Structures are given as structure tokens and as C-alpha cells.
Amino acid sequence: MQYVDKAALDTVAGANFRREDLSNTLSLTDGPKRPFTQNAPKVTASNTVHQWNEQGLNTAGRNNVAAGGATYAQGNLPPTAAKSPNRMTNATARTGRTAQVTDDMMAAFNGGGAIKLADGEAERMLQDALDLESSLVGIECLNQIEWMHITGDSTNATMEGGETDGLIKWVVANGYSVTTGGSTSTPIAFAESFIKDGSRGAALQMPAIAPDTLLISPELVPDIAGFVANGAGRPIVQVASGENANLVAGSSVGFYNTAYSVLKIEVEPYLSPTYNSSAVNSSIIAYNKALVKHADLVKFGAEPLARTDTSVKRMVTCVYAQEHRVGKHTFIAQNVKSAIA
């Protein structure tokens with residue numbers, strides 16, 4: 001059979017029989033925000049069980065010495081009835097992925113050796129490819145860490161690397177839970193009163209500090225935006241110019257003043273059932289970002305691996321726990337949905 005050369009452009013097939021010249025820009029289709037991880041202070045964990053102390057105080061009142069009162073009889077010493085500190089703990093979790101560039105991937109790039117590269121260019125491109133893969137798995141690991149800090153439960157044995165207790169479990173157990181009237185099967189429309197009730201309930205627990213951050217699911221952003229003109233009783237007045245053209249509709253609320261403290265509103269994708277399969281319904285969580293920390297046992301980082309197969313690898317790992325303090329300053333409102341249809 002006689003060989004037939006392929007034209008540079010086949011008008012029938014409409015495709016080139018040559019190497020593709022694609023844009024060198026990649027678009028990430030899944031890049032959620034990570035407000036908790038970005039805000040959390042970093043501390044060191046010294047063991048697979050991270051520990052810290054919380055100190056309680058005796059409450060002032062009409063209490064005698066036996067009941068812990070700060071009182072003493074004439075001629076006697078004042079009492080030394082100090083409370084013992086409470087030891088708090090959380091388990092560490094292991095998060096990691098491996099970046100890999102195979103020999104086949106490298107060979108396909110230069111046409112199985114048919115394309116001659118300049119000296120050192122093959123090594124540089126291999127390093128670039130490995131750096132790209134490391135960046136991608138690094139982002140995936142950061143997303144997993146954010147998920148863990150929100151949804152983690154150390155009693156769940158599903159994941160091989162274990163889990164550290166996250167915000168939802170901690171706040172439900174130690175903070176103030178708003179009675180929304182919603183349930184896992186029937187979520188209730190989100191209302192501004194939930195934030196007011198939560199801030200008041202947390203304040204009445206008399207914590208040493210107030211929350212400064214409000215995490216909300218993306219579905220609730222339009223609801224929060226409407227609280228300026230409605231619940232806050234501060235209608236927005238916009239000065240029109242010309243023929244009333246180019247007016248800006250809507251509003252964007254970045255903070256909420258509870259009168260106890262000012263909450264910075266942060267959108268947390270992992271509070272949304274649309275993005276997090278472990279979340280049944282949307283919820284909001286208020287906490288003080290200075291009191292909830294990321295405790296590293298093994299710091300987040302990348303490490304090259306010895307070549308043991310037909311690929312070059314680099315592993316990205318992190319071993320960490322969540323350190324959360326003074327739980328009674330927090331509040332949560334669960335099983336809610338947007339009131340905007």
C-alpha cells in the first residue's frame with residue numbers, strides 16, 4: 001500500500017495531526033473559600049492527642065467559705081478555694097496526597113524521543129510538571145483541612161487518617177444552640193432573629209470574650225444582605241444623579257453589630273449541603289477567631305519521595321488538631337434555609 005501524507009489541516013476531519021498548542025493557563029473549576037484556615041492562628045501540637053487547660057473561677061454571690069465564697073471571718077485567713085483547671089483535648093488528623101508524574105507522561109510530551117529538547121530542558125519541564133501536580137494536590141489538602149475544621153468528628157472511624165473535632169461538634173456541645181424550629185428533614189427559613197437570639201444566648205453564659213466572626217453558608221448571603229434595610233431599621237438612601245441612570249441595586253453586608261460585639265461575616269462553603277455532603281442543612285456559626293487555632297504536629301509541607309516505580313513523586317502532608325477554647329462564647333443556628341425563594 002502506498003503511504004499517503006496527512007495534510008497540515010484536513011478539511012474533512014477538521015483536526016491537525018500534530019502536537020496541540022494549548023494555552024499555558026489552567027482554570028480551577030473548584031476553588032472554595034477557606035475562611036477558617038486563613039483566620040486561624042497556628043500553634044504547635046506536641047502529641048497525637050493535643051491538650052490544653054481552661055481555668056474556671058468561683059462565682060461571686062452570697063456564698064460562705066464552704067461553698068467557695070470569697071469571704072472570711074474576723075481573725076481568720078481568707079480561703080484558698082481555687083478551682084482546678086479543666087484539661088481539654090482533641091485528637092490529631094492526618095491529611096495528605098501524593099503528586100506524581102509518570103514516565104509515560106514525560107515520554108508522550110517529547111513524542112517518545114522524536115522531539116529533541118535542549119540540554120537541561122527535559123529536567124526543567126519535569127520539575128515544572130511535578131510543581132504543578134504538587135500545587136494541585138496541595139490545594140486539595142487545604143480544602144480537606146478546611147472541611148475537617150468545620151465538620152470533623154474524632155469518634156468517626158471512616159477516614160484512615162482519623163478526624164479532629166471541628167467547629168460544629170464543639171459549638172453544639174459547648175456553645176449556645178439557637179432554637180430555630182427547623183429539623184434535619186424540614187429546614188426553616190433563615191431570619192435575623194436567629195443572630196440576635198444567638199448573640200444574646202452566648203452573652204448570658206457570661207464568657208470571658210465575645211465572638212467576632214460569623215460563618216454562613218453561601219445560600220444565606222442574600223438574606224444577610226437584606227438585614228440592613230429590614231431588621232436594622234436603617235434604610236439605604238442613594239443620591240441619584242443625572243437621569244437616575246447607573247444606580248446600584250442591592251446591598252452587601254460585611255459586618256453585623258450584635259451590640260455585644262461586631263461579627264465579621266465570612267462565607268463558609270462547608271456549611272452548605274450543596275457543597276458538603278456531610279452537612280444535612282445550612283447553618284451559621286459565631287466564634288472568636290483568636291480562640292480557635294490550628295495546632296500542627298507535622299506542619300503542612302511537601303517532601304520528595306525516592307523513586308521506586310516508573311514515576312516521580314512528591315507527597316504533601318499535614319498532621320494537625322483543632323484547639324478551641326472557651327466554648328460558651330460561641331453560638332450556632334442549624335437546619336436553616338434561605339428565606340428567599
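Here we summarise the structure given alongside this text. Just so it is clear, the model here is predicted, and its values are computed rather than measured. (Residues numbered from 1 in each chain as written. Predicted model: local features only at pLDDT ≥ 70, side-chain atom pairs only at ≥ 80, totals over all residues. Heavy atoms only, no water.)

1. So, the overall build of the protein chain
Here is step 1 of the chain: A tally of regular secondary structure across the protein chain gives 6 helices and 13 strands.
Here is step 2 of the chain: Per-residue burial for the protein chain yields a buried fraction of 33% across its 341 residues.
Here is step 3 of the chain: As displayed, the protein chain offers around 20800 Å² of accessible surface, 53% of which is attributable to carbon and sulfur atoms. (Helix = DSSP H or I, 4+ residues; strand = E, 2+ residues; numbered from the N terminus. Buried < 20%, exposed > 50% of the residue type's maximum accessible area, 1.4 Å probe, protein only. Areas by Shrake-Rupley, 256 points an atom, 1.4 Å probe, with all protein chains shown as cover.)

2. As for the pattern of salt bridges
Here is step 1 of the chain: If you walk through the whole model with that rule in mind, you get 10 salt bridges.
Here is step 2 of the chain: A salt bridge links Asp 131 to Arg 314; the nearest nitrogen and oxygen atoms lie 3.0 Å apart. With a gap of 183 residues between them, Asp 131 in helix 3 (residues 121-151) and Arg 314 in strand 12 (residues 311-324) connect regions that are remote in the sequence.
Here is step 3 of the chain: For Asp 131, a relative accessible area of 32% puts it in the partly exposed group.
Here is step 4 of the chain: We note a salt bridge from Lys 264 to Glu 266, for which the minimum N-O separation is 3.6 Å.
Here is step 5 of the chain: Taken together, the shared-partner salt bridges connect Asp 153, Asp 165 and Lys 169 into one network. (Salt bridge = Lys/Arg side-chain N within 4 Å of Asp/Glu carboxyl O.)

3. Here's the deal with the pairing of strand 11 (residues 292-304)
Both faces of the sheet carry side chains from a regular strand, because those side chains alternate between them.
Here is step 1 of the chain: The pairing of strand 1 (residues 42-44) with strand 11 spans 3 bridges and is parallel. Bridge pairing in strand 11 links Lys 42 to His 294.
Here is step 2 of the chain: In this structure, strand 11 lies alongside strand 12, joined through 10 bridges in antiparallel fashion. Paired with Glu 303 across the bridge in strand 12 is Met 315. (Pairing = 2+ DSSP bridges.)

4. A few points about the layout of surface pockets
Here is step 1 of the chain: Here the second largest pocket is characterised by a volume of approximately 470 Å³.
Here is step 2 of the chain: As for the second largest pocket, its lining consists of 18 residues, and the residues nearest its centre are Glu 54, Gln 55, Gly 56, Val 326 and Lys 328.
Here is step 3 of the chain: When contributions to the lining of the second largest pocket are tallied by element, the ones reaching two or more residues are strand 3 (86-91) and helix 4 (167-174). (1 Å grid on protein atoms, 1.4 Å probe; cavity = no way out; pocket = protein on both sides within 12 Å on 5 of 7 lines; lining within 4 Å. Points joined across faces, edges and corners; volume = space filled by probe spheres on them.)

5. Some thoughts on the environment of Asn 58
Here is step 1 of the chain: Its place among the elements puts Asn 58 in the loop between strand 2 (49-54) and strand 3.
Here is step 2 of the chain: Each C-alpha atom, one on Asn 58 and one on Gly 69, is 7.4 Å from the other, the two residues being 11 residues apart in sequence.
Here is step 3 of the chain: Those residues in contact with Asn 58, other than ones at most four positions away along the chain, are Gly 68, Ala 81, Ala 82 and Lys 83.
Here is step 4 of the chain: Here Ala 81 takes part through its backbone oxygen, which lies 2.6 Å from a polar atom of the side chain of Asn 58. (Contact = heavy atoms within 4.5 Å. Polar contact = N/O pair within 3.5 Å; in protein donor to acceptor, adjacent residues only side chain to side chain.)

6. Some remarks on the side chain of Thr 213
Here is step 1 of the chain: With respect to the helices and strands, the residue Thr 213 is situated in strand 7 (residues 213-216).
Here is step 2 of the chain: We classify Thr 213 as buried; its relative accessible area is 2%.
Here is step 3 of the chain: Reaching out from Thr 213, the side chain makes a polar contact with the side chain of Asp 212 at a distance of 3.0 Å.
Here is step 4 of the chain: With sequence-adjacent residues up to four places away left out, Thr 213 is seen in contact with Leu 263, Lys 264, Glu 266, Ile 285, Ala 286, Tyr 287 and Lys 289.

7. As for unusual backbone geometry
Here is step 1 of the chain: Phi is positive for Met 206, which is not a glycine, with a value near 55 degrees.
Here is step 2 of the chain: Mapped onto the fold, Met 206 is located in the loop between helix 5 (192-203) and strand 7.
Here is step 3 of the chain: Among the residues examined, Met 206 registers a relative accessible area of 60% and is labelled exposed.

8. Regarding the packing of aromatic side chains
Aromatic ring pairs are reported here in terms of the distance separating the ring centres and the angle at which the planes meet.
Here is step 1 of the chain: Using the criterion set out here, one finds 4 aromatic pairs in the structure.
Here is step 2 of the chain: These aromatic residues form a ring-pair network of at least three members: Phe 190, Phe 194 and Phe 227. (Phe/Tyr/Trp six-rings, centres within 6.5 Å; stacked < 30°, edge-to-face > 60°.)

9. What about the sheet that holds strand 12?
Here is step 1 of the chain: Taken together, the 4 strands give an open sheet; going across it, the order is 1-11-12-4, and neighbouring strands pair in mixed fashion. Strands with a single pairing partner mark the edges of an open sheet, and in this sheet they are strand 1 and strand 4 (93-102). Strand-to-strand twist across the sheet, computed as the mean angle between neighbouring axes with direction ignored, equals 35 degrees.
Here is step 2 of the chain: Here 10 bridges tie strand 4 to strand 12, and the two strands are oriented antiparallel to one another. Its bridge partner being in strand 12, Ala 93 is matched across the sheet by Tyr 320. (Axes fitted to C-alpha atoms, helices over the stretch in contact; angles between N-to-C directions.)

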